[in-house]
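# Summary of structural features
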Amino acid sequence: TKMEENSVKTQKFIIKYFTEIMIKGETAKRQMINQLFFNLQRISNNISSDIKIKKFFDKIELVCPSEFSDNLREKLLETPGIQQVLEAIQIDNMHTLDEMKVEVNKHMAKTIEDKTFVVRAKRVGKQDFKSTHIEQTVGGYMLAHNKTKGVDLKNPEVTIKVELEHAQLNIITKKHYGLGGFPLGTQGEVLSLMSGGFDSTVASYLAMK
């Protein structure tokens, strides 16, 4: 099916901006986000012209053929301005809770075997249900159809994160912490003189960060 094709042949990355970018004034924030977007466009184009990139006010999304995912992930984790890199399975045309519970279970069932778990959901759009309804429906379905230790709302061994944007469902499969800092091209230029030891190397790295 189309949904299986999306999850098997492509990899989606969701980029969360460095926290201090989001608390800047509107002009500075817009400049930094645009610069990071430009930097990521250049990086992705160097890897493959088939990588698709979209900018949003609170994130940047990249979808690439699976064969380039390892290379792209490595570059994203080396890019200043990124707080988190989320790996996700994107499924389109999700309109009902019944559709969502089946899809999430299909992709995430193995992660909760013999473990406690919880489902956390975020939602954007005009649906006739709330985020808590997604959590309850998906969690209840997975609990009934898998061998688990049960649901634990406070200290689960596995947290399944899903984000519904209108009719597009993103199932978060992995989370990586990025380099942080501000995007290259927004802070001017600095020359660092490095000696043969490791102190200046570490100091330069911390200054970049």
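The rules behind these values
- Residues numbered from 1 in each chain as written.
- Predicted model: local features only at pLDDT ≥ 70, side-chain atom pairs only at ≥ 80, totals over all residues.
- Heavy atoms only, no water.
- pLDDT = per-residue confidence, 0-100.
- Contact = heavy atoms within 4.5 Å.
- Pairing = 2+ DSSP bridges.
- Helix = DSSP H or I, 4+ residues; strand = E, 2+ residues; numbered from the N terminus.
- Axes fitted to C-alpha atoms, helices over the stretch in contact; angles between N-to-C directions.
- Buried < 20%, exposed > 50% of the residue type's maximum accessible area, 1.4 Å probe, protein only.
- Phe/Tyr/Trp six-rings, centres within 6.5 Å; stacked < 30°, edge-to-face > 60°.
- Lys NZ or Arg CZ within 6 Å of the ring centre and 35° of its normal.

Our focus in this paragraph is the confidence of the model for the chain. In this model, the chain carries a mean pLDDT of 92, and residues with pLDDT of at least 70 account for 96%. Low pLDDT, under 50, characterises residues 1-8; the predicted model gives this stretch 11 contacts beyond four residues in sequence or across chains.

This part takes up the sheet that holds strand β7 (residues 158-165). Spatially, the 8 strands line up as an open sheet ordered β2-β3-β1-β4-β8-β7-β5-β6, and their pairing is mixed. This sheet does not close on itself; its edge strands, each paired only once, are β2 (52-55) and β6 (150-151). The pairing of strand β1 (residues 10-17) with strand β4 (residues 82-91) spans 6 bridges and is classified as antiparallel. If you follow Phe-13 over to β4, its bridge partner there is Glu-87. Across the sheet, helix α3 (residues 26-47) lies against β1, β2, β3 (59-65) and β4, angled at about 180° from β2, the strand it touches most. Contacting β4, β7 and β8 (168-180), helix α5 (residues 97-108) crosses the sheet at an angle of about 50° to β8.

This next bit is on unusual backbone geometry. A positive phi angle, close to 60°, is found at Asn-93, a residue other than glycine. Here Asn-93 shows up in the loop between β4 and α5. For Asp-114, which is not glycine, the phi torsion reads 60° and is therefore positive. Of note, Asp-114 is situated in the loop between α5 and β5 (116-124).

Counting buried residues along β3, 6 of its 7 residues qualify, which places the element largely inside the surrounding structure. Pairing analysis gives 7 bridges linking β1 to β3, with the strands arranged antiparallel. In the sheet register, Lys-16 faces β3, and the bridge partner there is Lys-59. Examined bridge by bridge, β2 and β3 share 4 bridges and lie antiparallel to one another. Within the sheet, the bridge partner assigned to Lys-55 lies in β3 and is Ile-60. Between β2 and β3, which pair antiparallel one after the other, the connecting turn spans 3 residues.

Next up on the list: the packing of aromatic side chains. Under the definition given, this model contains 1 aromatic pair. Ring centres 5.5 Å apart and planes at 85° place the aromatic pair Phe-18 and Phe-182 in the edge-to-face group. Of this pair, Phe-18 sits in the loop between β1 and α2 (19-22) while Phe-182 sits in the loop between β8 and α7 (199-208), and the two are 164 residues apart along the sequence. Its relative accessible area of 19% is what places Phe-182 among the buried residues. The side chain of Lys-55 reaches across the aromatic face of Phe-37, ending 5.3 Å from its centre. Over the ring of Phe-56 we find Lys-59; its NZ or CZ atom is 5.3 Å from the centre of that ring.

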